[in-house]
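# Close look at the chain arrangement
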Amino acid sequence: MAVYDRDTDVAATGGYHITLDERAQSALRRLVAPEIMRRLLASASALRLRDRDMFWDYRGRVLGHGPDLSGSASIDVDRITLRTLLAEAVGEDLHLGRAVSGVGVDEHGMPQVMFADGTSVTADLVVGADGTHSVVARHLAAGPTNHPAGIIGFSGRTPRAGLTVPEQHRLGTRSSMAIGPRGAALYVGFLDPVGNAALDAPELSTSITTGPTYIWGAMFPESARTDVLRDLHGTALRTALLDRFRDHRWAGHTLEVIARTDPVSVAAFRFNAASTRATDLAPWAAGRITALGDAVHATPPTAGMGAGAAIQDAADLLAQFDALPDGTTTTLTDAIGRYEAQLRRRGGEVLSAAMSTVRLILATNTTLGALATAALSPVVAATARLRRPPSSS
Ligand SMILES: Cc1cc2nc3c(=O)[nH]c(=O)nc-3n(C[C@H](O)[C@H](O)[C@H](O)COP(=O)(O)OP(=O)(O)OC[C@H]3O[C@@H](n4cnc5c(N)ncnc54)[C@H](O)[C@@H]3O)c2cc1C
């Protein structure tokens, strides 16, 4: 086996975190050695150890609470930590700095991968795990496998200790989501892989987050005004984001998490989404070139399920091969066909979950939606105050 990636440094990636639910962790256990899994858990933050998620309006009023997480097996892990551990698991089979420019078949009908540097390799099987702009899946589908979802996101990291005490208290040790008029939304994730470690073994931790941290994601409907933001970086981007929220009348304290973020950590990313219909996914006949993850079912981050789904795809593919008796061409193609059926089903599920939030955000970007959000928020907030569980702040 060989893994080729165009990146030259696995740690050079977005600084946000990835949620892995029980199914994703169980799939990962089938893919990596127990020691890697233990190091991952020692570097991860357990959802069961944080407070219930909270929903706010744009003025900082409570709208409702998420489910009780005390029985949750899900974890949050820095994307950099996850990628570094996965790279270690692949070991010498990982070849960095190898950008794939195309795929095809050689003169014997075997899959071939072409690289940007003019070299190529032939293989028994090629799996495109090359993300939203996949070269491999585009080749198989003869066109793009996803499209912009209409939202642009911006993320950043803010140490909890950097906030004022009242805002630390309001945000608490939980993740939260706030939606305001005109499609402006702010997700604030809470990550504490030290205080809330999923496995209490600090000697195994390789987490890049070393203290309680908020990882936020600001979202706006795409427009000419947000296109301008995509060219900004650092402090200029942070200031422009704050101005946009203020234009939408967000309360000043709700923006502290952005105002006090490390400007170096602020980055923009466009949401891309594949179809929510399973039958639209992987629209090709099974063969010796296939794909997994965002290459097939590009998933906006609004459900926190995209990476977990990619890991489950990989485990399913492996399980199909493990079940093969003797690898004749027919049985290999059948196995890939069975894998791709699972891939379509899972892709449809995670996309439906992620797109429901995207649609909600976009719905507030109409005149009626903006009026309804502004008018109903105080009413919902007052109702939520009456129903608030005694333990929450
Ligand atoms: C802000 C944000 C937050 C998110 N949060 C979560 C979360 O909490 N939980 C979750 O499950 N998901 C989350 N996601 C989604 C998740 O990151 C993706 O769904 C997941 O990374 C998809 O994995 P993948 O391996 O398919 O693709 P990717 O992670 O995109 O990996 C693709 C790889 O292919 C390489 N590559 C691409 N093109 C080429 C080429 N031509 N040649 C060689 N190599 C190439 C890239 O360098 C990269 O290493 C989030 C996404 C974003 C943007």
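Preceding this section is the structure that the text describes.
These lines cover the structure that appears in this document, whether it is placed above or below. Computed from a prediction, not measured in an experiment: that's the story for all the values here.

About the thresholds
- Residues numbered from 1 in each chain as written.
- Predicted model: local features only at pLDDT ≥ 70, side-chain atom pairs only at ≥ 80, totals over all residues.
- Heavy atoms only, no water.
- 1 Å grid on protein atoms, 1.4 Å probe; cavity = no way out; pocket = protein on both sides within 12 Å on 5 of 7 lines; lining within 4 Å.
- Points joined across faces, edges and corners; volume = space filled by probe spheres on them.
- Helix = DSSP H or I, 4+ residues; strand = E, 2+ residues; numbered from the N terminus.
- Nonpolar A, V, L, I, M, F, W, Y, C, P; charged D, E, K, R; others polar.
- Salt bridge = Lys/Arg side-chain N within 4 Å of Asp/Glu carboxyl O.
- Buried < 20%, exposed > 50% of the residue type's maximum accessible area, 1.4 Å probe, protein only.
- Core = buried A, V, L, I, M, F, W, Y, C linked by side-chain atoms within 4.5 Å.
- Contact = heavy atoms within 4.5 Å.
- Pairing = 2+ DSSP bridges.
- Axes fitted to C-alpha atoms, helices over the stretch in contact; angles between N-to-C directions.

### Some thoughts on empty space enclosed by the protein
Under the definition given, this model contains two cavities of 30 Å³ or more. Empty space within the largest cavity amounts to approximately 60 Å³. Looking at the largest cavity, the residues that line it are W56, R170, L171, S176, M177, A178, L186, V188 and T254. Taken together, the elements giving at least two residues each to the lining of the largest cavity come down to helix 5 (165–171), strand 13 (176–179) and strand 14 (185–191). Broken down by element, the lining of the largest cavity gets its largest block of residues, three residues, from strand 13. The class makeup of the residues in the lining of the largest cavity is six nonpolar, two polar and one charged. Along the walls of the second largest cavity sit T132, H133, S134, R138, P144, T145 and N146, which together make up its complete lining.

### Focus: the pattern of salt bridges
The full count for this structure, using the stated rule, is 18 salt bridges. The shortest N-O distance in the salt bridge between D57 and R61 comes to 2.7 Å. D57 gets classed as buried once you look at its relative accessible area, which sits at 0%. When the shortest N-O distance is used, the salt bridge between R346 and D313 registers 2.6 Å.

### Here we look at the environment of G118
Note on placement: G118 falls in the loop between strand 9 (111–115) and strand 10 (120–122). Measuring from C-alpha to C-alpha, the distance between G118 and V100 comes to 9.7 Å, with 18 residues separating the pair along the chain.

### Considerations on the nonpolar core
The biggest cluster of nonpolar side chains holds 32 residues, and the ones touching the most others in it are M219, W284, V296 and I361. Other than its neighbours up to four places away in sequence, M219 contacts I151, I152, M177, G183, A184, A185, Y187, F271, T302 and I361. Core analysis: the second largest hydrophobic core is formed by 28 residues, V62, L163, L237 and A240 among them.

### Topic: the sheet that holds strand 6 (residues 75–78)
The pairing of strands in a sheet comes from backbone hydrogen bonds and takes either a parallel or an antiparallel form. The strand order across the open sheet built from three strands is 2-6-3, with neighbouring strands paired in antiparallel fashion. Edge positions in the open sheet fall to strand 2 (17–20) and strand 3 (45–46), since each of these has one partner strand only. In this structure, strand 2 lies alongside strand 6, joined through four bridges in antiparallel fashion. When the sheet's bridge partners are listed, H17 is paired in strand 6 with D78. On top of the sheet, helix 3 (residues 79–90) reaches strand 2 and strand 6; it is set at about 80° to strand 6, its chief contact.

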